[in-house]
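Each chain is listed here by its residues.
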Amino acid sequence: MITIKNEREFRKMAMAGACVAAVHEAVVEAADVGVTLRELDEIAADVIRSRGCRPSFLGYRSFPAHICASPNEVVVHGIPGGYRLGRGDILSIDAGAVYEGYHGDGALTFGIGGIDEESARLLEVTRRALWAGIDQVQEGARVGDIGHAVEQAAAPHGYGVVRDYVGHGIGRSMHESPQVPNYGPPGKGQRLKRGMAVCIEPMFNLGTHRTATLDDGWTVVTADGRRSAHFEHTVALTGDGPVVMTVSDLLSARPAG
Ligand code: MG
């Protein structure tokens, strides 16, 4: 796990995070009925390069693209290929960028055209769960407090909380300790300290929490084929509390109310 030691390191993390937010803004703006996921990947590549960053995902264990694009029943790690977006789809975009050796990682899920009420609620609840987790990032709290808060947000809705994939520490590498699950009891796990940075990333499913991986070795889908949502921010714990590095004021700020 990284400990951000000074303003300079903090600024590099913030640059990487701002790049992730910019990727989200460009991709959401371009995503429309008839657009392919590969086209969105090309847009992401341009944004990452234009901001002096490198893509974290491209080449990570041979991952072949700059973003993960995960429509509908795809939970995470979708490879952006020839799939053409249709009206009513939901789409998760997970993006990672490195700025001068420091990583940012973030995801959001949004609808293409109008989406049904059930999907809209899934997106809203998952986004709020992320912010409930972020609120737990305080000095002296424990990693388990984050997962507990996230899981509690899903409970009233009966959503499947994905257990096979979890959040993580981040810094000089994209994935560092500790693991940050989206479930479990509060008061357990590593204590949170000033200077640490974590990725919190709830994945909620309309049905079962169980997942399966397709033959491409990457694409993770829900075991029952029902829809899934994914929201993620990189969060640094500073003397002023949690600072969300990957936030887009347009798209991924704390929801009102
Ligand atoms: Mg992540």
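Starting afresh in each chain, residues are numbered from 1 along the sequence in its written order. Local features are withheld for residues below a pLDDT of 70 in this predicted model, meaning they are given only at 70 or higher, and side-chain atom pairs are given and counted only at 80 or more; totals for whole chains, interfaces and linings count all residues. Excluding hydrogens and water, the side-chain figures rest on all heavy atoms present in the structure.

Asker: Tell me about the overall build of the chain, and please be specific about residues and values.
Answerer: What the chain contains, in helices and strands, is 4 helices and 15 strands. Here the radius of gyration uses the C-alpha set of atoms, whereas the globule reference equals 2.2 Å times the residue count to the power 0.38. Relative to the 2.2 N^0.38 estimate, which gives 18 Å for 257 residues, the radius of gyration of the chain is 17 Å and therefore close to what a compact globule would have. Viewed in the frame of its principal axes, the chain has a C-alpha envelope of about 45 × 45 × 35 Å. Three exposure classes are used, based on accessible area relative to the maximum for each residue type with a 1.4 Å probe and protein chains only: buried under 20%, partly exposed in between, and exposed over 50%. Looking at the chain as a whole, 55% of its 257 residues are labelled buried. By definition, residues are in contact when any of their heavy atoms lie within 4.5 Å. Restricting the contact set of the chain to residue pairs at least 6 apart, pairs at least 24 apart contribute 72%. Per-residue and other accessible areas were derived by the Shrake-Rupley procedure at a 1.4 Å probe size, with only the shown protein chains allowed to occlude residues. Accessible surface, the chain: about 10700 Å² in total, of which carbon and sulfur atoms supply 47%. Computing the positive centroid from 25 side-chain charges and the negative centroid from 31, the chain places the two 6 Å apart. Helix numbers and strand numbers start at the N terminus; a helix is a DSSP run of H or I with at least 4 residues, a strand a run of E with at least 2. Neither His nor the chain ends is counted toward charge; the positive residues are Lys and Arg and the negative residues Asp and Glu. A charge is said to be at NZ when it belongs to Lys, at CZ for Arg, at CG for Asp and at CD for Glu.

Asker: Let's hear about the packing of helix H3 (residues 117-134) against helix H4 (residues 143-154): which residues, and what values?
Answerer: The convention used is that axes are lines fitted to C-alpha atoms, helices contributing only their stretch in contact, and that angles between N-to-C directions extend from 0 to 180 degrees. At a minimum axis distance of 8 Å, the contact between H3 and H4 shows a crossing angle of 155 degrees. Judged by the angle between their axes, H3 and H4 are roughly antiparallel. Helix-helix and strand crossings are classified by hand; for H3 and H4 the assignment is right-handed. Contacts between H3 and H4 pair Val 125, Ala 129, Ala 132 and Gly 133 from the former with Ile 146, Ala 149, Val 150 and Ala 153 from the latter. Note that Gly is not counted as nonpolar here; it falls among the polar residues with everything else outside the nonpolar set of Ala, Val, Leu, Ile, Met, Phe, Trp, Tyr, Cys and Pro and the charged set of Asp, Glu, Lys and Arg. Of the residues in the contact of H3 with H4, the class split is 7 nonpolar, 1 polar and no charged. The scheme is simple: roughly parallel for angles under 35 degrees, roughly antiparallel for over 145, roughly perpendicular for 65 to 115, oblique for anything else. In this scheme, a crossing is called left-handed if the near helix is turned counterclockwise away from the far one by less than a right angle; it is called right-handed if the turn is clockwise.

Asker: Describe the layout of surface pockets, and please don't skip the residues or the numbers.
Answerer: Site definitions follow a grid-based scheme: protein atoms alone, a 1 Å grid, a 1.4 Å probe that fits but cannot get out for cavities, and for pockets an open set with protein on both sides within 12 Å along at least five of seven lines, plus lining residues having an atom within 4 Å of a point. Grid points are joined across faces, edges and corners, and a volume is the space filled by probe spheres set on the points. Of the voids in this model, the largest pocket is the one considered here, and its volume is about 540 Å³. In this structure, the largest pocket is lined by 26 residues; those nearest its centre are Tyr 60, His 77, Tyr 165, Val 166 and His 175. Elements with a contribution of two residues or more to the lining of the largest pocket: strand E7 (167-169) and strand E8 (176-180). Per-class residue counts for the lining of the largest pocket are 11 nonpolar, 8 polar and 7 charged.

Asker: Please provide a residue-by-residue account of H4, values included.
Answerer: Three or more residues of H4 are buried, namely Val 143, Gly 144, Asp 145, Ile 146, Gly 147, Ala 149, Val 150 and Ala 154. Buried residues belonging to H4 abut H3, strand E6 (160-161), E8, strand E9 (197-200) and strand E10 (203-205).

Asker: Account for the environment of Gly 88, naming residues and giving values.
Answerer: Along the chain, the position of Gly 88 falls in the loop between strand E3 (74-76) and strand E4 (90-99). We classify Gly 88 as buried; its relative accessible area is 14%. Residues Gly 88 and Arg 11, spaced 77 residues apart in sequence, show a C-alpha to C-alpha distance of 38 Å.

Asker: Describe the sheet that holds strand E11 (residues 211-213), naming the residues involved and giving the relevant values.
Answerer: A strand pair is defined by DSSP finding two or more bridges across the two strands. An order of E3-E12-E11 is seen for the 3 strands of this open sheet, with the pairing classed as antiparallel. Only two strands of the sheet have a single partner each, and these edge strands are E3 and E11. Here the average twist between neighbouring strands, direction ignored, is 40 degrees. When E3 meets strand E12 (residues 220-222), the two strands line up antiparallel, connected through 2 bridges.

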